[in-house]
Amino acid sequence: MKSRKKTVILVFLAGAVVVLGIACFLLLQMLPSRNSLELENNATVGIMPGIDREQRLKELQNELDKGLIAFSINTSPLFDPKTQEGNLMLENPKNNAKLLVAQVVLNEGQKTLYTSKAIQPGSYLERIRLEQPLAEGVYEATVYIQAYDEQTQDLIGQTGAAVTLTVQNQ
Amino acid sequence: MKKAVSFILTLAMVFACSQTVFADSRAYRDSGSGDIVIETSGGKEIELVGHVEPTIISVVMPSYIPFDISKSQPADNKVVSPEIKVTNNSNVPVVIYVDNARVDLSNLQGTSWSNSGVVAENQVAVGLTEAAVQPENLGGAKWLAQGQQNTELIRLVSQQDGKMFIVGAIGSQVPENQVFSVVPTLVVKQA
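Visitor: Which residues make up the interface of chain A and chain B, and what values do they have?
Guide: The accessible area lost on association of the parts is a frequent measure of interface size. Residue-level contacts link 29 residues of chain A with 32 residues of chain B. Approximately 2500 Å² of surface area, both sides summed, lies buried where chain A meets chain B, with 54% of it carried by carbon and sulfur atoms. Considering only the surface of chain A that becomes buried against chain B, Arg53, Leu60 and Leu64 of chain A emerge as the three largest contributors, covering 21% of it. Run the count over chain A and chain B and you get one salt bridge. If you look at where chain A meets chain B, you find 18 residue pairs in polar contact (both at pLDDT 80 or more). Contributions of two or more residues to the side of chain A that touches chain B are made by helix H2 (53-66), strand E1 (68-74), strand E9 (137-149) and strand E10 (155-167) of chain A.

Shown next, in the form of structure tokens:
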């Protein structure tokens, strides 16, 4: 009789401990915790653009360096009045990695005298024939040089060289 | 008869050989030092034919210059600019100038361009300056004007590098977070 009573009490106590444990567990789950924050899906990993000046400078420098072009040109080409051919001597060096297109424009009146086709890196245009003839004389002109990406043929930018065209019998 | 003919021929040969000596007015004088001095007199025309080679300039220049401009830059110069390096590989000096500047402010509502660097609250001004490092102030800047111009930027002697930076000023009422473009064409000529 006594042992049976003890058993009942023990079982009751064990049951109470289990219930208490479950209750405590559930209570803790319901309370707010420091480690249960929901992460923002809309955030981008990395440094926000415009904040890191050094990084931005590197990006700008990289863009500018890609647009640098090297060229050589005759500053005073001589043209034959009959054939309108002259020695422009425009070179696109091999290390340019860009296509160059040259346009010869008269300073007075901005008339375009000649436009070349694309000059590949590692090649040069020694002589050209003016598409708009000039009479004998001396003329100030600008050779505008447009640079194109060799692969995509997208225009990168433009630079120029001032030249003096002389048209006279040689 | 034969003797007479051979004597005449001998005389003729002697005479012919001596003419060469008389025609060549050079005389040889022993200087006494062991050297033989050759003297020339009388003159002789010699044609010299020369070919004047064309002057070739070789340069490295930018064809595109990106930059940022921000009101939050603390210094007077509101631009963040890359180093614009130009190189003269020629044997003659050159000068680089701005020939033309194309400006597009269509994305900046109510904004206009300033040619002088002094900006009103709704204006932008951009220029270039020769400097070793990015300048904080705007002194010495060569301001870009819209359209055709002839603004000298930098002079380089033979085989010299030069460095420039973009500088700029922006008014307080100019809209932010927009893109505008100013495209100067740099031209090189023999100095």
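Now, onward.
Visitor: Can you break down the side chain of lysine 98 of chain A residue by residue, with the values?
Guide: All names here are of chain A. Tracing the chain through its elements places lysine 98 in strand E5 (residues 98-106). Among the polar contacts listed, one links the side chain of lysine 98 to the backbone oxygen of lysine 66, at a separation of 3.1 Å. Apart from the residues within four sequence positions on either side, lysine 98 is in contact with Lys66, Gly67, Leu68, Ile69, Asn92, Ile119, Pro121, Ala147, Tyr148, Glu150 and Ile156.

Visitor: So what about the nonpolar core? Which residues, and what values?
Guide: Across soluble globular proteins, nonpolar side chains have a tendency to be buried as a group. Of all hydrophobic cores here, the largest spans 58 residues; its most connected members are Phe71 and Ile73 of chain A together with Trp113, Val126, Leu128, Phe180 and Val188 of chain B. Of all the elements, strand E7 (residues 94-104) of chain B adds the most residues to this core, at five residues. For valine 126 of chain B, the contacting residues outside a window of four places in its chain are Phe67, Trp113, Trp143, Leu144, Ile166, Val167, Gly168, Phe180 and Val182 of chain B.

Visitor: Can you tell me about the packing of aromatic side chains, naming the residues and giving the values?
Guide: All names here are of chain B. The full count for this structure, using the stated rule, is one aromatic pair over all chains. Measuring from centroid to centroid gives 6.1 Å for phenylalanine 67 and phenylalanine 180, while their planes differ by 70°, and the two rings are edge-to-face. Here the residue phenylalanine 67 occupies a position in the loop between strand E3 (56-62) and strand E4 (68-69), and phenylalanine 180 occupies one in the loop between strand E12 (160-170) and strand E13 (181-190), the gap between them amounting to 113 residues. Using a relative accessible area of 16% as the deciding quantity, one classes phenylalanine 180 as buried.

About the criteria used
- Residues numbered from 1 in each chain as written.
- Chains lettered and ligands numbered in written order.
- Predicted model: local features only at pLDDT ≥ 70, side-chain atom pairs only at ≥ 80, totals over all residues.
- Heavy atoms only, no water.
- Contact = heavy atoms within 4.5 Å.
- Buried area = accessible area lost by both parts, 1.4 Å probe.
- Salt bridge = Lys/Arg side-chain N within 4 Å of Asp/Glu carboxyl O.
- Polar contact = N/O pair within 3.5 Å; in protein donor to acceptor, adjacent residues only side chain to side chain.
- Helix = DSSP H or I, 4+ residues; strand = E, 2+ residues; numbered from the N terminus.
- Core = buried A, V, L, I, M, F, W, Y, C linked by side-chain atoms within 4.5 Å.
- Buried < 20%, exposed > 50% of the residue type's maximum accessible area, 1.4 Å probe, protein only.
- Phe/Tyr/Trp six-rings, centres within 6.5 Å; stacked < 30°, edge-to-face > 60°.

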